[in-house]
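Observations on chain architecture
Letter by letter, the chains look like this.
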Amino acid sequence: MRVVVQRSKAARVLVNHETIGSIDHGLVLLVGVTHGDTAEDAAYLAEKITNLRIFEDENEKMNHSLLDVGGSILSISQFTLYGDCKKGRRPNFMDAARPEEANAIYELFNEEFRKRNIRIETGQFGANMQVELTNDGPVTLIVESK
């Protein structure tokens, strides 16, 4: 699994011009699933992301986690994170998991945050979505399970 983590002051996801998920302070997660990813990968990444110290303390040092600041998550499925652009001009998406496999792991990943009592909003798997966010910092990280 591969997740782009963006610290955000506010974010929302729209499908057909309608907001289907929104958060205030927290993290926007763009989530990619590859072949062979498992529930263990989902749990590992949820634990890692929940406890990343990427929110600033009173001294403007990144010392606080999502739990410390009471933030929320906006999770968006993003198969294009496994796009390979090495050859030609069109990305190859062969490393992205098939939709049914990817959706199952994506749902397990989101459930891991619910188990941790973190408020989570999501996009719509497989839909054409528009994501709006105010990136705070900006802080953007890539976290992988393998």
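Here is a short report on the structure shown in this document. (Residues numbered from 1 in each chain as written. Predicted model: local features only at pLDDT ≥ 70, side-chain atom pairs only at ≥ 80, totals over all residues. Heavy atoms only, no water.)

1. Observations regarding helix α1 (residues 39-51)
For the record, the criterion: Elements are defined by DSSP. Helices are runs of H or I of four residues or more, strands are runs of E of two residues or more, and each kind is numbered from the N terminus. Multiply 1.5 Å by the residue count of a helix minus one, and that product is the helix's expected span. Relative accessibility under 20% of the residue-type maximum defines a buried residue, over 50% an exposed one, and the middle range a partly exposed one, all with a 1.4 Å probe and only protein chains included. Arc definition: directions from the helix axis to the C-beta atoms. By definition, residues are in contact when any of their heavy atoms lie within 4.5 Å.
Counted at 1.5 Å a residue, the expected span for α1 with its 13 residues is 18 Å, and the 18 Å between its end C-alpha atoms agrees. Among the residues of α1, Asp 41, Ala 42, Leu 45, Ala 46, Ile 49 and Thr 50 are the ones counted as buried. Viewed end-on, α1 has its buried residues packed into an arc of 155 degrees, placing them on one side of the element. Those residues of α1 that are buried are in contact with β1 (2-15), β3 (26-32), α2 (66-69), α3 (99-115) and β8 (130-144).

2. Focus on α3
A rise of 1.5 Å per residue sets the reference length of α3, with its 17 residues, at 24 Å; its end C-alpha atoms lie 24 Å apart and thus fit the reference within 8%. Summarising the contacts, the buried residues of α3 are in contact with β1, β3, α1, β6 (72-77) and β7 (120-122). Just beyond α3, the residue with positive phi is Asn 117, at close to 60 degrees.

3. Some thoughts on the nonpolar core
The line we're drawing: The nonpolar core is taken to be a set of buried Ala, Val, Leu, Ile, Met, Phe, Trp, Tyr and Cys residues, with the residues joined through side-chain atoms within 4.5 Å.
Leu 27, Leu 29, Phe 109 and Phe 113 are the most contacted members of the largest nonpolar core, which totals 26 residues. Listed by contribution, the elements that provide at least two residues to this core are β1, β3, α1, α3 and β8. Counting residues per element, this core draws most heavily on α3, which supplies 5 residues. Residues contacting Phe 113, with those up to four places away along its chain left out, are Leu 29, Ala 46, Ile 49, Thr 50, Ile 73, Ile 118 and Ile 120. Within the second largest apolar cluster, 11 residues are counted, among which are Val 13, Val 28, Leu 74 and Ile 76.

4. Observations regarding the environment of Ser 65
Residue position: Ser 65 is located in the loop between β5 (62-64) and α2. When its relative accessible area of 5% is taken as the criterion, Ser 65 is described as buried. Taking the C-alpha atoms as reference points, Ser 65 and Ala 127, separated by 62 residues in sequence, lie 30 Å from one another. Not counting residues within four places of it along the chain, the set of residues in contact with Ser 65 comprises Thr 50, Asn 51, Leu 52, Arg 53 and Phe 55.

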